[in-house]
Amino acid sequence: MTTPQITWISRDDPPDAFPDIDAALAVPNGLLAAGGDLSSPRLLHAYEHGIFPWFDRGQPILWWSPDPRCVLPPEAFHVARRLRRTLKYGAFEITWNRSFDRVIAACAEPRPQQSGTWITADMMQAFGDLHRDGWAHSVEVWLDRRLVGGIYGLALGKVFFGESMFSRAPDASKTAMLALCRELARNAFELLDCQLVSPHLLSLGASPMPRREFGPLVRRACEHRARFTAWPRQALVARELIAD
């Protein structure tokens, strides 16, 4: 029996040197390629074709396209009763792209029951470059002027590729995700890509999508690459998220 192989990419290979996502391994689910670099052109091409990097310190860069993919249509975010109470009576304030570096740094901090983080210094640098070039974005949640939650990712075409989120106060990350979904829906985005299926994401309205459907959808939705700049300029009070 032939052992499945993944494609190895050199740093000198062009940004599009990825195999078709249908070549991804079943075990581990979605592993497609290794190597290359985290240059902006390679990252943008990868995301537009349903591929993302995910690796630990000491590993080569690993590229993934899992099957199924966890996706959330922006209008499908589920506001549970507890979250609605938090938004109605709480004091969260939401901003966009005010503190990208602090959000990604907070997402990179070790978490309970985790031995480390996949957001390495190289990943932070790469996404910081994408942010400064207008591709990567953050949503921040503040409480008494303290950063207590946030989410970051890439906006390409009509898809937002969510990378990670964090919470230092009850419901803070959910508030960030809801605020993001409200803006994506307002601007006719088709999907928030959540990458890997988890019970938590499913409870927020996400659902699994077969890779054979996700790949063509993303390529079509990202066909006309353009920076998204229509984020709110002013801070938002959390209760405004449920005003409708």
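Residues numbered from 1 in each chain as written. Predicted model: local features only at pLDDT ≥ 70, side-chain atom pairs only at ≥ 80, totals over all residues. Heavy atoms only, no water.

A. Summary view of the state of the cysteines. What the rule picks out here adds up to zero disulfides. Summary of cysteine pairing: C107 is not part of a disulfide, and the nearest cysteine sulfur, belonging to C194, is at 14 Å. The class for C107 is buried, based on a relative accessible area of 3%. Residue C181 stays outside any disulfide, its sulfur separated by 7.4 Å from that of C194, the closest cysteine. (Disulfide = S-S within 2.5 Å. Buried < 20%, exposed > 50% of the residue type's maximum accessible area, 1.4 Å probe, protein only.)

B. Up close: the sheet that holds strand β5 (residues 69-72). With mixed pairing, eight strands are arranged side by side in an open sheet as β11-β5-β10-β9-β8-β7-β6-β12. Unpaired on one side and paired on the other, β11 (207-209) and β12 (236-237) mark the two borders of the sheet. Two strands pair when backbone bridges link them, and β5 and β11 are joined in this way by three bridges, in the antiparallel orientation. Directly across from C70, in β11, lies its bridge partner P208. (Pairing = 2+ DSSP bridges. Helix = DSSP H or I, 4+ residues; strand = E, 2+ residues; numbered from the N terminus.)

C. Quick look at the packing of aromatic side chains. All told, the structure shown has nine aromatic pairs when counted by the stated rule. These aromatic residues form a ring-pair network of at least three members: Y47, F100, F127, Y152 and F161. A cation sits over an aromatic face here: R225 above W135, 5.8 Å from the ring centre. (Phe/Tyr/Trp six-rings, centres within 6.5 Å; stacked < 30°, edge-to-face > 60°. Lys NZ or Arg CZ within 6 Å of the ring centre and 35° of its normal.)

D. Expanded view of the pattern of salt bridges. Summed over the entire model, instances satisfying the criterion amount to 11 salt bridges. Its salt-bridge partner being D101, residue R132 comes within 3.9 Å of it at the nearest N-O pair. A residue pair is termed long-range when its members are at least 10 positions apart, and R132 in helix α4 (residues 121-132) and D101 in helix α3 (residues 100-108) qualify at 31 residues. Here D171 ties to K174 by a salt bridge, and the two come within 4.0 Å at their closest N and O atoms. Judged by its relative accessible area of 7%, D171 falls in the buried class. Several salt bridges share partner residues, and in doing so they unite R82, D171 and K174 into one network. (Salt bridge = Lys/Arg side-chain N within 4 Å of Asp/Glu carboxyl O.)

E. Region of the structure containing helix α1 (residues 40-48). Burial within α1 is extensive, with seven of its nine residues counted as buried. Taken together, the buried positions of α1 are occupied by R42, L43, L44, H45, A46, Y47 and E48. Looking at the residues trailing α1, positive phi occurs at G50, about 80°.

F. The arrangement of unusual backbone geometry in detail. In the segment running from V27 into P28, the intervening peptide bond is cis, with an omega of -10°. For P28, the position within the fold is in the loop between β1 (7-9) and β2 (31-35). One non-glycine residue, R145, lies in the positive phi region at around 70°. Secondary-structure assignment places R145 in the loop between β7 (136-143) and β8 (146-156). Here the phi dihedral of Q195 falls at roughly 70°; this positive angle occurs in a residue that is not glycine. Along the polypeptide, Q195 turns up in strand β10 (residues 191-195).

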